[in-house]
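# Coordinate analysis (summary)
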Amino acid sequence: MKVAVLMGGSSFEREFSLASGKRVCEALEEAGHKVVPLDTTSSLVPTLRSERPDVAFIALHGKHGEDGTIQSLLEFVGVPFIGSPASVCRSTWNKDSLHSTMASYRAITGEPPIASWPQGVCIARDAFKDMGAATALDLVEERVHGGYPVAVKPAHGGSALGVHRVDCVEDLGEAILDALSFDDHVVIEQWVEGVELAVSILGTGWDAYALPPVEIVPRNGRYDTQARLEADAVDYYAPLRLESLSNNEAEAQAIRAEIERAALEVYRAYEMCDLGRIDMIWDGAQARVLETAVSPGMTPLSLFPMACEAAGLSLSAVLNELVSA
């Protein structure tokens with residue numbers, strides 16, 4: 001098949017995307033496909049119309065790649081693509097949409113709830129800039145359950161860009177300003193400690209299934225943007241270590257199964273398709289969902305390829321299955 005691999009773009013995550021796209025191209029070529037690598041410049045649509053690919057694989061991260069922009073464009077020009085449709089991406093792109101999405105899903109299905117998530121508030125840049133929200137930061141301690149420390153992060157985006165742990169109100173303003181340099185909305189929510197995990201998922205709807213969870217253990221500090229770029233900054237365990245969940249093996253296996261069910265609950269609630277990743281923390285009692293990724297990274301340090309390998313699957317075989325379906 002002729003596969004257009006879309007990469008690069010103009011978001012803050014351009015370098016991640018180029019690295020992902022390069023590896024996707026290699027994996028698809030290994031599987032025998034003809035690959036057309038494309039940056040998302042002004043020549044994208046004319047090239048797509050002249051090349052007429054059978055399918056597109058989106059290796060774009062961040063704005064335009066995960067917010068529904070490229071998906072709606074491909075839908076408009078009639079190029080089939082792997083991954084969730086534009087309508088889904090517009091929802092997953094907004095980290096503040098999790099509560100309402102899960103509430104609607106549970107009301108429809110009647111399924112017992114599994115996933116949980118940090119509670120918090122979302123405030124627009126204009127509220128800070130033009131409406132005086134900055135004068136009310138003392139309210140954060142009572143608005144966010146549990147008070148400090150809190151997490152401050154852009155409402156849209158990934159790769160931990162603009163994410164901060166804030167321990168007191170005096171440090172809140174600076175963190176908010178930095179988060180707003182990446183987005184026009186900021187989320188302030190509970191800071192959750194525990195075992196940091198990523199659950200990659202393949203499939204759609206009730207046919208979707210979880211790959212082995214990957215445990216993320218930064219060697220120094222947090223799993224921030226810089227740590228994601230350095231090969232020796234983080235230890236990854238794929239699958240996760242059972243002893244990180246419990247000293248009792250049977251209990252640990254049960255917790256792992258609950259973590260996977262929680263990830264699938266979120267994936268299905270958003271109606272994500274083909275592939276995705278759910279990032280979460282096991283806090284010792286619950287699987288706390290942090291965010292979703294409709295276009296998971298594919299670099300050598302990315303979590304999705306690690307999960308594939310842990311499942312005994314080559315990335316080439318997985319991508320071949322996706323584009324050939």
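Only a predicted model underlies this, so the values are computations on that prediction, with no experimental measurement involved.

### Some thoughts on helix α11 (residues 303–310)
- Across the eight residues that make up α11, a large majority, six, are buried.
- Taken together, the buried positions of α11 are L303, F304, P305, M306, A307 and C308.
- Check the buried side of α11 and you find it contacts α1 (14–30), β9 (195–202), β11 (214–218), β12 (234–237), β13 (275–282) and α12 (315–324).
- Looking one or two residues past α11, G312 carries a phi angle of roughly 80 degrees, positive in sign.

### Some remarks on the pairing of strand β1 (residues 2–7)
- The buried fraction of β1 amounts to five of the six residues, a majority that puts the element mostly inside the structure.
- By the bridge criterion, six bridges tie β1 to strand β2 (residues 34–39) in an arrangement that is parallel. Paired with V3 across the two strands is V35, which belongs to β2.
- Since β1 and β2 lie parallel, the crossover through α1 that links them has a hand, and here it is right-handed.
- Bridge count between β1 and strand β3 (residues 55–58): four bridges; the pairing is parallel. In the strand pairing of β3, V3 is matched with V55.

### Brief notes about the environment of L319
- Among the structural elements, L319 can be located in helix α12.
- Spatially, the C-alpha atoms of L319 and I278 are 19 Å apart, while their sequence positions differ by 41 residues.
- Apart from residues no more than four positions distant in its own chain, L319 is found in contact with V24, A27, L28, F57 and M298.

### Digging into the sheet that holds strand β4 (residues 81–82)
- Ordered in space as β2-β1-β3-β4, the four strands form an open sheet in which the pairing is parallel. The strands lining the two open edges of the sheet, one partner per strand, are β2 and β4.
- The sheet strands contacting helix α2 (residues 44–51) are β1 and β2, and the helix crosses β2 at an angle near 165 degrees.
- Lying over the sheet, helix α3 (residues 69–77) contacts β1, β3 and β4, oriented at roughly 175 degrees with respect to β3.

### Some details on the packing of aromatic side chains
- Taken as a whole and judged by the stated rule, the model has two aromatic pairs.
- Pairing F12 with F182 gives two aromatic rings, centres 4.9 Å apart and planes at 70 degrees, and the pair type is edge-to-face. Within this pair, whereas F12 is found in the loop between β1 and α1, its partner F182 is found in the loop between α8 (172–180) and β8 (185–190), the two being separated by 170 residues in sequence.
- According to the relative accessible area criterion, F12 is exposed, its value standing at 57%.
- Summarising the aromatic geometry, the rings of Y223 and Y236 are spaced 6.2 Å apart at their centres and angled 80 degrees between planes, so their arrangement reads as edge-to-face. A residue pair is termed long-range when its members are at least 10 positions apart, and Y223 in the loop between β11 and α9 (225–229) and Y236 in strand β12 qualify at 13 residues.

### So, the layout of surface pockets
- Roughly 1,000 Å³ of internal volume is contained in the largest pocket.
- Around the largest pocket, the lining is made up of 49 residues, and of these A160, E196, Y223, R228 and D279 lie nearest the centre.
- For the lining of the largest pocket, the elements supplying multiple residues, two or more each, are α1, β6 (150–154), β8, β9, β11, α9, β13 and β14 (287–293).
- Tallied by class, residues from the lining of the largest pocket come to 22 nonpolar, 14 polar and 13 charged.

### A short note on the nonpolar core
- Of all hydrophobic cores here, the largest spans 34 residues; its most connected members are V5, F57, F304 and L319.
- Contributing elements (two or more residues each) for this core: β1, α1, β3, β9, β11, β12, α11 and α12.
- Beyond its immediate chain neighbours, meaning those up to four positions away, F304 contacts S200, I201, L202, L211, L275, G276, P296, G297, M298, L315 and V318.
- Within the second largest apolar cluster, 32 residues are counted, among which are V195, L245, M272 and V294.

### Description of α12
- Within the span of α12, buried status applies to L315, S316, V318, L319, L322 and V323. When α12 is viewed along its axis, its buried side chains cluster within an angular range of 165 degrees and face the same direction.

### Quick notes on the pairing of β6
- In terms of burial, β6 is largely enclosed, as five of its five residues are buried.
- Where burial is concerned, the two faces of β6 agree: the one with V150, V152 and P154 and the one with A151 and K153 are both buried.
- For β6 and β8, the ladder comprises five bridges, and the chain directions are antiparallel. Each residue of the ladder has a partner; that of V152, found in β8, is I188.

### Examining the sheet that holds β6
- Taken together, the four strands give an open sheet; going across it, the order is β5-β8-β6-β7, and neighbouring strands pair in antiparallel fashion. The open sheet has two edge strands, β5 (120–124) and β7 (164–166), and neither has a second partner. Strand-to-strand, the axes of this sheet are offset by a mean angle of 25 degrees, without reference to chain direction.
- Against the sheet, α8 makes contact with β6, β7 and β8, and its axis sits at roughly 25 degrees relative to β6, the strand it touches most.

Definitions and limits used
Residues numbered from 1 in each chain as written. Predicted model: local features only at pLDDT ≥ 70, side-chain atom pairs only at ≥ 80, totals over all residues. Heavy atoms only, no water. Buried < 20%, exposed > 50% of the residue type's maximum accessible area, 1.4 Å probe, protein only. Helix = DSSP H or I, 4+ residues; strand = E, 2+ residues; numbered from the N terminus. Contact = heavy atoms within 4.5 Å. Pairing = 2+ DSSP bridges. Right-handed = clockwise from strand over helix to strand, strands pointing away. Axes fitted to C-alpha atoms, helices over the stretch in contact; angles between N-to-C directions. Phe/Tyr/Trp six-rings, centres within 6.5 Å; stacked < 30°, edge-to-face > 60°. 1 Å grid on protein atoms, 1.4 Å probe; cavity = no way out; pocket = protein on both sides within 12 Å on 5 of 7 lines; lining within 4 Å. Points joined across faces, edges and corners; volume = space filled by probe spheres on them. Nonpolar A, V, L, I, M, F, W, Y, C, P; charged D, E, K, R; others polar. Core = buried A, V, L, I, M, F, W, Y, C linked by side-chain atoms within 4.5 Å. Arc of directions from axis to C-beta.

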